Amino acid sequence: MSLSMILLTIAFFFYLVATVLYAVSVTGRKWRNKEGWVTGNNWGLFGYITAIGGLVFALGYFVTRWITVGFAPVSNMFEYLTFFGITLSLAFVIIYGIYRSNVLGVITLPVVMLMIGYATVFVTDYQPLQPALQTYWLEIHVLTTGLAQGILAVSFGAGVIYLLRTIDLKEKKMTKRTFGVEFIMYTFMTLFAFIVLTNAFNAFGYEAQFAYVNEFEEPAEIIYDLPPIFGPNEGELLSSDRMEPWFEMPDWIDSDSLNTTAWAFGSGLVLFGAVRLITRRRIGTLLQPFVKRVNPDLMDEISYRAIAIGFPLFALGGLVFAMIWAQIAWTRFWGWDPKEVWALITFLFYAAYLHLRLNRSWQGEPSAWLAVIGFAIIMINLIFVNLVIAGLHSYA
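Residues numbered from 1 in each chain as written. Predicted model: local features only at pLDDT ≥ 70, side-chain atom pairs only at ≥ 80, totals over all residues. Heavy atoms only, no water.

**Some remarks on the overall build of the chain**
The helix and strand inventory of the chain stands at 11 helices and 7 strands. Relative to the 2.2 N^0.38 estimate, which gives 21 Å for 396 residues, the radius of gyration of the chain is 22 Å and therefore close to what a compact globule would have. C-alpha atoms of the chain, sized along the principal axes, occupy 80 × 50 × 45 Å. Counting over 396 residues, the chain shows a buried share of 50%. Excluding contacts between residues fewer than 6 apart, the proportion of contacts in the chain whose partners are at least 24 apart in sequence is 74%. Surface summary for the chain: the accessible area is close to 19200 Å², and the carbon and sulfur share equals 66%. Averaging the locations of the 24 positively and 27 negatively charged side chains of the chain gives two centres separated by 26 Å. (Helix = DSSP H or I, 4+ residues; strand = E, 2+ residues; numbered from the N terminus. Rg over C-alpha atoms; globule rule 2.2 N^0.38 Å. Buried < 20%, exposed > 50% of the residue type's maximum accessible area, 1.4 Å probe, protein only. Contact = heavy atoms within 4.5 Å. Areas by Shrake-Rupley, 256 points an atom, 1.4 Å probe, with all protein chains shown as cover. Lys, Arg positive; Asp, Glu negative; His and termini not counted. Charge placed at Lys NZ, Arg CZ, Asp CG, Glu CD.)

**Digging into the pairing of strand E3 (residues 208–213)**
Side chains of E3 alternate between two faces, with Ala208, Phe210 and Tyr212 buried and Gln209, Ala211 and Val213 left unburied. Bridge count between E3 and strand E4 (residues 219–224): 6 bridges; the pairing is antiparallel. From the neighbouring strand, Phe210 faces E4, where its bridge partner is Ile222. Between E3 and E4, which follow one another and run antiparallel, lie 5 residues, and Glu217 among them has a positive phi close to 60°. Taken together, the 2 bridges between E3 and strand E6 (residues 236–237) define a ladder with antiparallel strand orientation. Residue pairing across strands places Phe210 opposite Leu237, the latter belonging to E6. (Pairing = 2+ DSSP bridges.)

**Observations regarding the sheet that holds E4**
Spatial ordering of the open sheet is given by E4-E3-E6, a layout of 3 strands whose pairing is antiparallel. The strands lining the two open edges of the sheet, one partner per strand, are E4 and E6.

**Topic: the nonpolar core**
Among the nonpolar cores identified, the biggest contains 101 residues, and Tyr15 and Val74 are the most heavily contacted of them. Considering each element in turn, this core owes the most residues, 16 residues, to helix H5 (residues 137–166). For Tyr15, the residues in contact, after removing those within four places along its chain, are Ala51, Gly54, Leu55, Ala58, Ser89, Leu109, Val112, Met113 and Ile116. Grouped together as the second largest cluster of nonpolar side chains are 7 residues, Tyr206, Ala208, Phe210 and Tyr224 included. (Core = buried A, V, L, I, M, F, W, Y, C linked by side-chain atoms within 4.5 Å.)

**Quick word on the environment of Gly374**
Within the secondary structure layout, Gly374 lies in helix H11 (residues 365–387). Among the residues examined, Gly374 registers a relative accessible area of 0% and is labelled buried. Spatially, the C-alpha atom of Gly374 lies 9.6 Å from that of Phe347, the residues being 27 residues apart in sequence.

**What to know about the domain arrangement of the chain**
Annotation of the chain at the domain level lists domain 1 (1–128), domain 2 (154–170 + 283–395) and domain 3 (188–281). Taken together, the contact pairs 23 residues of domain 1 with 23 residues of domain 2. Overall, the association of domain 1 and domain 2 removes approximately 1800 Å² of surface from exposure, summing both partners, and the carbon and sulfur fraction of that is 82%. Taken together, domain 1 and domain 2 are joined by 0 salt bridges. Counting residues per element, the ones that place at least two in the side of domain 1 that touches domain 2 are helix H1 (2–27), helix H3 (77–99) and helix H4 (102–119). Tallying contributions element by element places H3 first for the side of domain 1 that touches domain 2, with 9 residues. When its residues are assigned to classes, the side of domain 1 that touches domain 2 shows 19 nonpolar, 4 polar and no charged. (Domains from an automatic or database assignment. Buried area = accessible area lost by both parts, 1.4 Å probe. Salt bridge = Lys/Arg side-chain N within 4 Å of Asp/Glu carboxyl O. Nonpolar A, V, L, I, M, F, W, Y, C, P; charged D, E, K, R; others polar.)

**Details of H4**
With 18 residues, H4 should cover 26 Å at 1.5 Å per step; its first-to-last C-alpha distance of 26 Å lies within 8% of that length. Buried residues dominate H4, accounting for 16 of its 18 residues. (Expected span 1.5 Å × (residues − 1).)

**Things to note about the pattern of salt bridges**
Throughout the structure, instances matching the rule amount to 5 salt bridges. Note that Arg177 is salt-bridged to Glu365, the shortest N-O span being 2.8 Å. Residue Arg177 is located in helix H6 (residues 176–203), and its partner Glu365 is located in helix H11; the two are separated by 188 residues in the primary sequence. Here Arg177 falls in the partly exposed class, since its relative accessible area comes to 34%. A salt bridge links Arg305 to Glu301; the nearest nitrogen and oxygen atoms lie 3.0 Å apart. With Arg305 and Glu301 both in helix H9 (residues 296–330), this residue pair falls 4 residues apart, about one helical turn. Judged by its relative accessible area of 30%, Glu301 is partly exposed.

Spelled out as structure tokens, the structure:
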């Protein structure tokens, strides 16, 4: 287990170095020498090799943890988010090998690092499988779904690059397009700020313990890792010298997860506002120098092809395999559980995307916005629905 975590840490720093190398490759100058050959730096190639190295170490983490726990390490939030990051880096390595787009590494690899960093917010220790998960369908359903979502995330990266390349973010008037790009930047900063905030509270050993009544109307206890803004149902604070919650939540809402979500968006808003105040510019304009040489049509093609590959995989893993497993575990194929409903919404959204894509008027910028919205739907399902709304999948 210790070895697996060491390998994951090494992979994280490989991804970080690869990001820096790709950033240098995008901003580096190119010129023509006397013999007529185009001479330039090879930072993009170095970044690709480093990204492959990060993927190798990340897969080393995955395999060693699988061997240690005895089943696919995708049964809780730490394991699944980490696996999501690995599949995204795998999809990037494959797609970069085809298209050789350095700027895609500047956007995609930081998302991989944010996924891994966010995963460490949750419990990283081994947790025994609940009875419903003790089956080979865990590997079949979850691994296929995670791989599909990693591929779909590449379309998000390409879509963001397209928007940064084609939208004029320097115009004074705030439009729907500029607001949308700024909101994307805000979500990135929210995730970063939350990772820093959570690790800071963990470093100081902050805990707030509550006694409360859970969704089964039974007495229970819960420990908050962040100051409680939203308290549990009929909660009583047991820890001394801790702030009282501002609001009490009903039993069908996971109050701790909602509290964590509130801190995440609040800290992101503070960081976003601070950067805007210091730079006096829209955040997106800080990234536009990296994409000024990008071919928008290439990004549009990458985004479309990633969805064309990821969609059938998601349909297979996220719906078909999931329904078969549900029949085995709960004796029904479909039960309108919140996570099941959101998986259906994801499927229908990407099906609509592929249908609309046949119309030329939906290619280009509209397609890029749809790729961004699709990834947002995936993240809502993964984080908000999975953590805040109580359901049969809450163990994840």
